[in-house]
Amino acid sequence: MTDSAHLSDTITDNETAAPPGSLWQRMKADPQYAPEHLALEAVRRLGPEAAAWAERARAEHPGHTPEQLADLAIKRFTNLARISGAVSGATGLPGAVLDVGVLAWNQARMVLHIAAAYGHDPSASERATDLLVLQRVHKAAQTARLALGVAAGRERAEHLFAGAENRPLSGVMVRLGVKLAQMAGVRAARRMFAKVIPGASIVLGTWANSTATKELARRTRETFKRSPAEPERSLSPRR
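Residues numbered from 1 in each chain as written. Predicted model: local features only at pLDDT ≥ 70, side-chain atom pairs only at ≥ 80, totals over all residues. Heavy atoms only, no water.

**Student:** Got a sec to walk through the overall build of the protein chain? Specific residues and values, please.
**Tutor:** Within the protein chain, the regular secondary structure consists of 10 helices and 0 strands. Written out in order from the N terminus, the α and β elements of the protein chain read α-α-α-α-α-α-α-α-α-α. Looking at the protein chain as a whole, 50% of its 239 residues qualify as buried. By sequence separation, contacts in the protein chain at least 24 residues apart represent 80% of the contacts at least 6 residues apart. Looking at the protein chain as shown, the accessible area adds up to about 11200 Å², and 57% of this sits on carbon and sulfur atoms. (Helix = DSSP H or I, 4+ residues; strand = E, 2+ residues; numbered from the N terminus. Buried < 20%, exposed > 50% of the residue type's maximum accessible area, 1.4 Å probe, protein only. Contact = heavy atoms within 4.5 Å. Areas by Shrake-Rupley, 256 points an atom, 1.4 Å probe, with all protein chains shown as cover.)

If you want it as structure tokens, here you go:
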């Protein structure tokens, strides 16, 4: 086994391969801010994982450059994106929403690993802003920060979500799917609706997921490669 193969294998397929159930509940209750909820939760849950991976990788292979570490993360998560659209087994609109949610979550995971490869703190609060800008949910960091502030406030004001279970599920799933597809990439949006047609989604999903993730990886590498790594205050855990 080569050093690169071994290092890639240190990025494990664990429970973070799909958004946690608590996040799905929040996103379904508040689909308008689904990308912001996902970004906040990704930094909290996946940031420490990315930091631990980067620390372990540097210790095991001190000769690897940040570019080589980033290459390994990109390869790993592009492969995960390629298969994620064909393995859920769910059909129709719920299956389509599940697929784009898994894709957006794994893309966020990739972004945080690339940030860690270049020496940025993947658990820092600013990473949630980076996620929303890199995934083109918001065009500017300022608007992303404002939206994250609203989403964080809504997390704390859980009474705002009361009665969400009584809303028409189909309407909620459509709004949630559109928001998550926007986060995962335009091609993922096309694939999401194609999945409603049986048999059309597997080929399209595999291609769209991989293409969208590679493009996100390119933008992410450029962003963190040219940005100096500085210590940042980590995002506090949600209570």
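**Student:** Provide a residue-level description of the packing of helix α3 (residues 34-60) against helix α7 (residues 141-156), including the pertinent values.
**Tutor:** One can describe the packing of α3 onto α7 by two numbers: an axis separation of 9 Å at closest approach and a directional angle of 80°. By the angle between their directions, the pair α3 and α7 is classed as roughly perpendicular. Contacts from Glu-36, His-37, Ala-39, Leu-40 and Arg-44 of α3 reach α7 at Ala-147, Leu-148, Ala-151, Ala-152 and Glu-155. (Axes fitted to C-alpha atoms, helices over the stretch in contact; angles between N-to-C directions. Parallel < 35°, antiparallel > 145°, perpendicular 65-115°, else oblique.)

**Student:** Break down the pattern of salt bridges for me, with residues and values.
**Tutor:** In this structure the tally under the stated criterion is 14 salt bridges. Glu-41 is the partner of Arg-45 in a salt bridge, and the nearest nitrogen-oxygen pair spans 2.5 Å. Residue Arg-45 and its partner Glu-41 are both found in helix α3; the two are separated by 4 residues, about one turn of the helix. Taking relative accessible area as the criterion, Arg-45 reaches 42% and is therefore assigned partly exposed. With its nearest N and O atoms 3.0 Å apart, the salt bridge here joins Glu-222 to Arg-218. Taken together, the positions of Glu-222 and Arg-218, both in helix α10 (residues 201-226) and 4 residues apart, correspond to about one turn of that helix. (Salt bridge = Lys/Arg side-chain N within 4 Å of Asp/Glu carboxyl O.)

**Student:** Describe in detail helix α6 (residues 126-134), supporting the description with residues and values.
**Tutor:** Among the 9 residues of α6, 7 are classified as buried, and the element is accordingly described as predominantly covered. Taken together, the buried positions of α6 are Arg-127, Ala-128, Thr-129, Asp-130, Leu-131, Leu-132 and Leu-134. Just past α6, the residue Arg-136 takes up positive phi, approximately 60°.

**Student:** So what's going on with the confidence of the model for the protein chain? Which residues, and what values?
**Tutor:** Caution applies to low-pLDDT regions: their predicted coordinates should not be interpreted in detail. Per-chain confidence: the protein chain averages 79 in pLDDT, with 69% of residues scoring 70 or above. Helix α1 (residues 3-9) is the least confidently modelled element of the protein chain, averaging 48 in pLDDT, while α6 averages 97, the highest of any element. Confidence drops under a pLDDT of 50 for residues 1-7, and excluding neighbours within four residues, the segment shows 14 contacts in the predicted structure. (pLDDT = per-residue confidence, 0-100.)

**Student:** Account for the environment of Leu-112, with residues named and values stated.
**Tutor:** Tracing the backbone through its elements, the reader meets Leu-112 in helix α5 (residues 92-117). Look at Leu-112 and you get buried, because its relative accessible area is 0%. Residues Leu-112 and Thr-220, spaced 108 residues apart in sequence, show a C-alpha to C-alpha distance of 9.3 Å. For Leu-112, the residues in contact, after removing those within four places along its chain, are Ala-42, Val-43, Leu-46, Gly-47, Ala-50, Pro-122 and Arg-127.

**Student:** Give a detailed account of the nonpolar core, specifying residues and quantitative values.
**Tutor:** Residues Met-27, Leu-38, Ile-114 and Leu-180 are the most contacted members of the largest nonpolar core, which totals 55 residues. When residues of this core are traced back to their parent elements, those giving at least two are α2 (21-29), α3, α4 (66-84), α5, α6, α7, α8 (169-184) and α10. With 13 residues, α5 is the single largest residue contributor to this core. Those residues in contact with Leu-180, other than ones at most four positions away along the chain, are Trp-24, Met-27, Ala-34, Leu-38, Val-97, Val-100, Gly-101 and Ala-104. (Core = buried A, V, L, I, M, F, W, Y, C linked by side-chain atoms within 4.5 Å.)

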